[in-house]
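Remarks on the overall topology
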Protein chains: 2
Amino acid sequence: MRSALTCLVNPQSIAIVGASSQFGKVSGRPLKHLLEKGYRGKIWPINPRYTEMHGLTCYTSIAALPDAPDLAIVALPAQDVLATIRELGRRGTRSVVVFSSGFGEMGEAGKAMEAEMVAAAREYGMPLCGPNCLGFINAFENVYATFSQYADRETQSGPIAFVTQSGAFGTAIAALARQRGLGLGYFINTGNEADVGFADLMLTVIEDPRIKVAAGYLEGVRDGEALIRLAKRCQELGKPLVLTKVGRMAAGARAAASHTGSMAGEDAVFDAVIRQYGVIRARNEEQLLDMAQALAACPLPHGNGLGIATQSGGAGVMMADRAEEVGLAVPPVTDAIRKRLVDLLPAFGAAGNPVDVTGQFVGEPELLRESVLTLLDDPNIHVGIVWLQLMHAYVDVLVEILTETCRKATKPCLVCWVAAPEEAVRKLAAVGIPVFQAGERAVDAAAALVRHGEAQRRWQQRAPQAAHAVRTLPRLPDGVVPSVQGVSLLKDAGIPMAPVALATSEDHAVALWHKFGKGVALKIESTAITHKSDIGGVLLNLNDEAAIRTGYRSILANAARHCPDAKVDGVLVQPLASGHVELVVGVKRDPSFGMIVMVGSGGVLVEVMRDVAFRRAPFAEDEAARMLGELRMGALLDGVRGKPAVDRAQICNLLASLSRWAAEMEDQLEELDLNPVLVGPDGPVGVDCVMVIRHDASPAKR
Amino acid sequence: MRSALTCLVNPQSIAIVGASSQFGKVSGRPLKHLLEKGYRGKIWPINPRYTEMHGLTCYTSIAALPDAPDLAIVALPAQDVLATIRELGRRGTRSVVVFSSGFGEMGEAGKAMEAEMVAAAREYGMPLCGPNCLGFINAFENVYATFSQYADRETQSGPIAFVTQSGAFGTAIAALARQRGLGLGYFINTGNEADVGFADLMLTVIEDPRIKVAAGYLEGVRDGEALIRLAKRCQELGKPLVLTKVGRMAAGARAAASHTGSMAGEDAVFDAVIRQYGVIRARNEEQLLDMAQALAACPLPHGNGLGIATQSGGAGVMMADRAEEVGLAVPPVTDAIRKRLVDLLPAFGAAGNPVDVTGQFVGEPELLRESVLTLLDDPNIHVGIVWLQLMHAYVDVLVEILTETCRKATKPCLVCWVAAPEEAVRKLAAVGIPVFQAGERAVDAAAALVRHGEAQRRWQQRAPQAAHAVRTLPRLPDGVVPSVQGVSLLKDAGIPMAPVALATSEDHAVALWHKFGKGVALKIESTAITHKSDIGGVLLNLNDEAAIRTGYRSILANAARHCPDAKVDGVLVQPLASGHVELVVGVKRDPSFGMIVMVGSGGVLVEVMRDVAFRRAPFAEDEAARMLGELRMGALLDGVRGKPAVDRAQICNLLASLSRWAAEMEDQLEELDLNPVLVGPDGPVGVDCVMVIRHDASPAKR
């Protein structure tokens, strides 16, 4: 039997509850579109006041339907929805889409009504799309379960599935896709996502073999785990997932909070996690469509070398600028390729990369074709862009050249044609060649191809998840974990930590100092005191007995003065660690994505520069290496001002081990800070550790 | 008499040397356009083989012309141009545009030919545009001295002057302007700029009262001083100057070098200097036109508060994101404004900023109008954006609302209408309201308005250049200036420098240490040794006689071993300076813009983060404050980790003083490094100084 979600997006029968015969109304528009655009399944309008509607039998009630519908469309006032959902359930309806607003977006009463409605739908096993949504279109099967303006005109089907959390903006994006002749096989607006959400619906439609690219617009992530399942499934299917998410900056996040009513997670975490799973992020609607268009049309490049052929040196420079910005290489051509280009080109052309073929090619069409094909022959070039402008007088010859060029090329090749004649765009679209309107946008689209190619290679080469012995982890009480215990847990997990011991008396402190045999730091130990240095609870570099004794006493005295109520466990004695590079490493439980590991520049840099990278736990050493690669402090790791380079592999090992441990601790670990982690010739060592346990925080499940 | 440059851009007579009767040819196209588009001045084709051409008298030679032409168009093969220029000069021609290629862009021989041609033109006082250019259009007077494809269709005149160094890309940009109904009063391609360049031509056309906005495309700056003159004149006239320059990144700069044949100056310097003079930089062609369009259509905002009205919460979030990114505020509305919005809006709207008016307004047009006007009433909001999508069924009502709204608004208000009906765009254009196609692009355009408003306020409030006593500066010999002398020069210029003295013997060093009365550093002093610490030439924190003596000897020994040929002047003795914030400050002579002052984060930060800001000297304290504002290390200045804040004013004073001194030293100072400048409670102090003199480096003139 087909799954309920498949019935939702591809129903063989559709009931319209409260259908209106007036096509302009919200409850009339789906009927209009289903009839006019030739939906081939059964359409069952329900309205007690009619027996017939636009030539269809109209039913007086849900109970009166001739059969259980695959999908029911509900566009009733909010207060009538709950009873309807129950009736639909009783009639055996497979799935529902609810347009009605007045639910979760309208305060507490609305939220309660929404929860009741969802409970009813779940009782009957009916997935529910909405409420407060515009519905959806399956353009392959002419399913128009929507009142979106997008349906008012032609909705060409095509290889892109577009799912949007926003109705109005999503409609605009779909209309922009239509403007450029880009077919959306599915257009789905998820609205409040009270029951099924963005990822559930995308997971359903991405299975359709007619779909090549998943494109989405997000305002927040309600189910991070589902999003990651989606990302993984897309990698498995080899289909790219491109997402635009708003709320990148503080101002946007504030606006989003007031708009969606829920605080978005930190955007930097979202950004890092989706990239970790091979998702491509588009910064806005135009980039989303540019990328989706390229991904739907082109094969994947095997590397990040961009070859640029232009008739304008300046446009070539601008594209080279942008390529560097987005991490593509614009490699110089090899000597052999240069020689072939020189032989081809007029004297005033430029036989490099970018190659400037000048306007000469309008007289000699093969000049353009051969230049591009030669450039793409370069072993360091993996994707090409041909840049043109205007040329209204040469549409046919150029369309022919470009078609031939793209056909003969064994590597992906994009066409950027600024102020292109409409006829040319149309003719090229007809042979499957998308035309980009601006050089920078073509480069961004090429970057999407490169990123998806990289993600696919990573996916195919991924190491099987190492079978870790399932250890019995201690069940810790909520609160701050005592330092010595925390350090011991981390050492057990393979994380290098500086030795530390707890002194419970002055003599004990002295004995520990003797035992360590070098200068030590003393730190107050109390689970109630987390900012130890702020209260004079830390003394560094003590190396004689008198200093240890005085220090021990003064630290306890400071604690007693500043935190009279804090239970003090004693004073930590820790031999001085060394290392010329300072990192901070942390773990936190993210509301969307579960355990997130952070690494950043330590010391003053972390506060001033916010130079940090995130990943979702667990991850392997190669992913940790990419984290380090994202840090701007990379140069510090490789040695500056005469300092030696540190061993990145050892840091990667620490991060990967920590990530595995964090994943295992997900149901109890709230937060962990290792600050600093010092890195010297012997590798990294965590010096200070604050570990906070909190159970029952409903962490995301994996 | 009209200036020769005015004759160039607005000629009353045009001679076409080597005119062709075939309109398809480069030498026929200007004639075609002049005739077809109704140029009202005199057209004098010159071609010995004809006596008449398309109804015009054709002259057999330049000498045979009935009068001296205001402008001559030269489209001959390169080798014939020089003789023609001389003939034109002899005939009293006022100005020339040379289309011909094969000059400076074609290697040494071409460069020599170009120099000869320019010399000839200058001999006769004829400004020369080109060579290797597409020529230009003055669309007001129908002057078509061009063979650009842009002229093939309608070239609507309008308030924007567009000057481009690139022919092909410039043509594309002009065509894009036409696509959006944006009139270019002037379209000028400067080509090789052998004689007159970008700034000269823009300086000419910006004086035209019909021009409101100067828009330019640059690949390199040949005359930085002229560009600054242009920027200042634009400020004086209150006309914004918007520039796109390619070569922002290393890859682009490399491509530019191979394309233009000249190494571009550092882009960061260009970027800082043009902003200093109020120029707005657009990152690409689309942004250039978006900004020019807004600047031509809108009044200037009096602050940087952006108000956003949407029918999509998500689009509002995206615009708020972008606003923050480009330095605009999206302030929450005041309580009074919120109350008025709440009264206006339907319950599911959002009465804040962004304000979400929902789709409800199609039934109640005044809802949109009043929401926008109310939002713009907020005292913290200075510019508004209204965001719409599709709405094909409501074109007339929306055009009416938007027209009324913009008419009633007392603050600038932009319309962003995604996937807008063409009819709506056309109708709004007709009443002078530009329609932006994407939210982020509208925000960027709003930012251009804000930036120009700020620049105008700065210009109007600029302090009169303080009359500095013209000091007789010493004329220094080329090479590295001895430290003690360099420090003394800087102190004379009002720059706080740590004391330093030169010891020429061990005893002398000890005496100086006694005199300073505190710990000192010893540093080798030799103009031949610039990297002192690399050769063991620096010892820090010496504070007893034995250490001074040993140190003195070891430093000299190290110098003798590592640099046996270096003439050593002695050993510098410098009391230890203190300060918890480390800056680097420098001056360098830039090939385009003359003396450039740099300030950056010191220590490891400058190398790892490249956190630096530039300005052209001289500048005042307010400009120095903006420099500091650009540094990412700003938080360090304001105190982190318990460190106190430093006094920014004292740093600004140092920078401004240094900039004035650098400007005076322009004809001899090549480079100056103050590294570090330490900043503590007593203000900044330069600790180490490397000053390099080089005369005759043809510095840019001011």
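About the criteria used
Along each chain, the written sequence defines residue order, and numbers are assigned to residues from 1. Key to labels: chains lettered from A, ligands numbered from 1, both in the order written. Totals for whole chains, interfaces and linings use every residue, but because this is a predicted model, local features are given only for residues with pLDDT of at least 70 and side-chain atom pairs only at 80 or more, for both listing and counting. Side-chain metrics in this entry use all non-hydrogen atoms of the structure; hydrogen atoms and water are not considered. Note on geometry: axes are C-alpha line fits, over the in-contact stretch for helices, and angles between N-to-C directions span 0 to 180 degrees. Runs of H or I in DSSP of at least four residues are treated as helices and runs of E of at least two as strands, each being numbered from the N terminus. In this scheme, roughly parallel covers angles under 35 degrees and roughly antiparallel covers those over 145, while 65 to 115 is roughly perpendicular and the rest are oblique. Each helix crossing is assigned a hand: it is left-handed if the near helix lies turned anticlockwise from the far helix by less than a right angle, otherwise right-handed if that turn is clockwise. Two residues qualify as a contact provided that any one of their heavy atoms is within 4.5 Å of a heavy atom in the partner residue. Residue polarity follows a fixed list, in which Ala, Val, Leu, Ile, Met, Phe, Trp, Tyr, Cys and Pro are nonpolar, Asp, Glu, Lys and Arg are charged, and the others, Gly among them, are polar. Residues belong to a common nonpolar core when they are buried Ala, Val, Leu, Ile, Met, Phe, Trp, Tyr or Cys residues joined through side-chain atoms within 4.5 Å. Categorising residues by exposure relies on relative accessible area from a 1.4 Å probe, with only protein chains included: less than 20% of the type maximum marks a residue as buried, more than 50% marks it as exposed, and the intermediate range marks it as partly exposed. Superposing copies: least-squares fit, C-alpha atoms only, residues required to have pLDDT of at least 70 in both. In this entry, domain limits derive from an automatic or database-based domain assignment. By buried area we mean how much accessible surface two parts lose on assembly, using a 1.4 Å probe and totalling the loss over both. A pairing counts as a salt bridge when a side-chain nitrogen of Lys or Arg comes within 4 Å of a carboxyl oxygen of Asp or Glu. Whether two strands pair depends on DSSP finding at least two bridges between them. We define a polar contact as two N or O atoms separated by no more than 3.5 Å, with the added condition that, inside protein, one atom must be a possible hydrogen donor and the other a possible acceptor, whereas residues neighbouring each other in sequence contribute only through side-chain atom pairs. A score from 0 to 100, pLDDT tells how confident the predictor is in each residue. To estimate the expected span of a helix, count its residues, drop one, and scale the result by 1.5 Å. Any two of the Phe, Tyr and Trp rings considered here, Trp counted by its six-membered ring, make a pair once their centres fall within 6.5 Å; the pair's planes then place it as stacked at under 30 degrees, edge-to-face at over 60, or tilted in between. The criterion is that NZ of a Lys, or CZ of an Arg, lies within 6 Å of the ring centre and within 35 degrees of the ring normal, and then a charge sits over that ring.

Some remarks on the packing of helix H6 (residues 198-205) of chain A against helix H7 (residues 224-237) of chain A
Each pair of packed helices can be summarised by the angle the axes make with each other and by the distance between the axes. Residue and element names in this part refer to chain A. Following both chains from N to C, one finds H6 and H7 inclined at 20°, their axes separated by 8 Å at the closest point. As far as their axial angle goes, H7 and H6 are roughly parallel. In this structure, the crossing between H6 and H7 has a hand that is left-handed. Residue-level inspection shows Phe198, Ala199, Met202 and Leu203 of H6 in contact with H7, the latter providing Ala226, Leu227, Arg229, Leu230 and Arg233. Residue composition of the contact of H6 with H7, grouped by class: seven nonpolar, no polar and two charged.

Concerning the nonpolar core
Ranked by size, the top nonpolar core spans 240 residues in total, and within it Leu227(A), Leu230(A) and Leu227(B) carry the most contacts. Among residues more than four places away in sequence, those in contact with Leu227(A) are Phe198(A), Ala199(A), Leu218(A), Val221(A), Leu243(A), Phe270(A), Ile274(A) and Phe593(A). Counting 96 residues, the second largest nonpolar core, distinct from the first, contains Val481(A), Leu637(A), Met627(B) and Val679(B).

Points about the environment of Ile555(B)
Residues and elements named next belong to chain B. Relative to the elements of secondary structure, Ile555 occurs in helix H19 (residues 545-562). Residue classification places Ile555 among the buried residues on the basis of a relative accessible area of 0%. Separated by 276 residues in sequence, Ile555 and Val279 have C-alpha atoms that sit 51 Å apart. The contact partners of Ile555, leaving out residues within four places of it in the chain, are Leu522, Lys523, Ile524, Gly536, Gly537, Val538, Leu539 and Val571.

Here's the deal with helix H9 (residues 267-276) of chain B
Each α-helix winds once per 3.6 residues, and so residues spaced three or four apart point in a common direction. Residues and elements named next belong to chain B. Taken across its 10 residues, H9 has seven buried, putting it largely inside the fold. Among all positions in H9, only Asp267, Val269, Phe270, Ala272, Val273, Ile274 and Gln276 are buried. A positive phi of about 80° marks Gly278, the residue just after H9.

Section: the packing of helix H13 (residues 365-377) of chain A against helix H14 (residues 395-408) of chain A
All names here are of chain A. In contact at an axis separation of 9 Å, H13 and H14 are set at 25° when each is read in the N-to-C sense. Taken together, the axes of H13 and H14 are roughly parallel relative to one another. Remark: the crossing between H13 and H14 carries right-handed chirality. The segment H13 lies against H14, with Pro365, Leu368, Arg369, Val372 and Leu373 engaging Val397, Leu398, Ile401, Leu402, Glu404, Thr405 and Lys408. Here the contact of H13 with H14 is built from residues that sort into eight nonpolar, one polar and three charged.

Topic: the relation of the copies chain B and chain A
With an RMSD of 0.1 Å, the fit of chain B onto chain A corresponds to turning through 180° and sliding 0.0 Å along the axis. Overall, the copies show the geometry of a two-fold rotation axis.

What about the domain arrangement of chain A?
Residue and element names in this part refer to chain A. The assigned domain composition of chain A is domain 1 (4-294), domain 2 (300-460), domain 3 (499-575) and domain 4 (581-693). Spacing between the C-alpha centres of domain 1 and domain 4 amounts to 40 Å. The interface of domain 1 with domain 4 comprises 14 residues on the first partner and 13 residues on the second. Between domain 1 and domain 4, the buried area comes to about 1,200 Å², and carbon and sulfur atoms account for 53% of it. Three residues, Glu266, Val269 and Gln276, lead the burial of domain 1 against domain 4; their summed loss comes to 39% of the area buried on that side. The tally of links from domain 1 across to domain 4 stands at three salt bridges. Across the pair Glu225 and Arg616 runs a salt bridge, and its minimum N-O distance is 2.6 Å.

Here we look at the sheet that holds strand E10 (residues 160-164) of chain B
Strand order in the open sheet formed by seven strands is E9-E8-E11-E10-E12-E13-E14 (chain B), with mixed pairing between adjacent strands. For this open sheet the edge positions go to strand E9 (143-146) and strand E14 (280-281) of chain B, each flanked by a neighbour on one side alone.

Regarding the pattern of salt bridges
All names here are of chain A. Across all of its chains, the model carries 96 salt bridges over all chains by this definition. One salt bridge in this structure joins Lys567 and Asp569, with 2.7 Å as the shortest N-O distance. Shared partners join several salt bridges into a network, and the residues in it are Lys245, Asp267, Asp271, Arg275, Arg281, Arg615, Asp622, Glu623, Arg626 and Glu630.

A word on the interface of chain B and chain A
Residue-level contacts link 73 residues of chain B with 73 residues of chain A. Counting each side, the surface lost to burial between chain B and chain A is near 6,000 Å², with a carbon and sulfur contribution of 60%. Run the count over chain B and chain A and you get 10 salt bridges. Linking Glu440(B) and Arg248(A) is a salt bridge whose minimum nitrogen-to-oxygen distance equals 3.4 Å. Along the contact surface separating chain B from chain A lie 26 residue pairs in polar contact (both at pLDDT 80 or more). Those elements giving two or more residues to the side of chain B that touches chain A turn out to be helix H5 (167-179), helix H8 (250-260), helix H10 (285-297), helix H11 (313-325), strand E18 (383-389), helix H16 (439-460), helix H20 (604-609) and helix H22 (634-637) of chain B. For the side of chain B that touches chain A, the element with the highest residue contribution is H11(B), accounting for 10 residues.

Some thoughts on the confidence of the model for chain A
Averaged over chain A, the pLDDT score is 91; the fraction of residues at 70 or greater is 96%. Scoring the predicted complex yields pTM 0.93 and, for the interface, ipTM 0.91.

Here's the deal with the environment of Val97(B)
All names here are of chain B. Checked against the element boundaries, Val97 lands in strand E6 (residues 96-98). Distance from Val97 to Pro131, taken between C-alpha atoms, is 7.3 Å for residues 34 residues apart in sequence. Every residue in contact with Val97, bar those within four places of it in the chain, is listed here: Leu71, Ala72, Ile73, Val74, Cys129, Cys133, Gly135, Phe136 and Ala145.

Concerning the pairing of strand E8 (residues 135-138) of chain A
All names here are of chain A. A two-sided burial pattern is seen for E8, the buried positions comprising Gly135 and Ile137 on one face and Phe136 and Asn138 on the other. Sheet analysis places E8 next to strand E9 (residues 143-146), joined by four bridges and oriented antiparallel. Within the sheet, the bridge partner assigned to Ile137 lies in E9 and is Tyr144. The antiparallel pairing of E8 with E9 creates a hairpin that spans four residues between the two strands, and Asn142 there sits at a positive phi of about 55°. When E8 meets strand E11 (residues 184-189), the two strands line up antiparallel, connected through four bridges. In the sheet register, Ile137 faces E11, and the bridge partner there is Phe187.

Some points on helix H5 (residues 167-179) of chain A
All names here are of chain A. The end-to-end C-alpha separation of H5 is 18 Å, in line with the 18 Å expected for 13 residues at 1.5 Å each. The element H5 is extensively covered by neighbouring structure, given that 11 of its 13 residues are classed as buried. Of the residues flanking the start of H5, the one acting as N-cap is Ser166, its side-chain oxygen 3.1 Å from the backbone nitrogen of Phe169. Directly beyond the C-terminal end of H5, a positive phi value near 70° is found at Gly181.

A look at the packing of aromatic side chains
Applying the stated criterion across every chain yields a total of 14 aromatic pairs over all chains. When the ring of Phe162(A) is compared with that of Phe187(A), the centres are 6.2 Å apart and the planes differ by 40°; the resulting orientation is tilted. Of this pair, Phe162(A) sits in strand E10 (residues 160-164) while Phe187(A) is found in strand E11, placing the two residues 25 residues apart along the sequence. For the pair Phe162(A) and Phe187(A), a shared accessibility class is recorded, and that class is buried. A network of ring pairs unites the aromatic residues Tyr150(A), Phe162(A) and Phe187(A) as a single cluster. In this structure, Arg462(A) packs its charged tip against the face of Trp459(A), placed 3.8 Å from the ring centre. Positioned above the aromatic ring of Phe140(B), the side-chain terminus of Arg210(B) is 4.0 Å from the ring centre.

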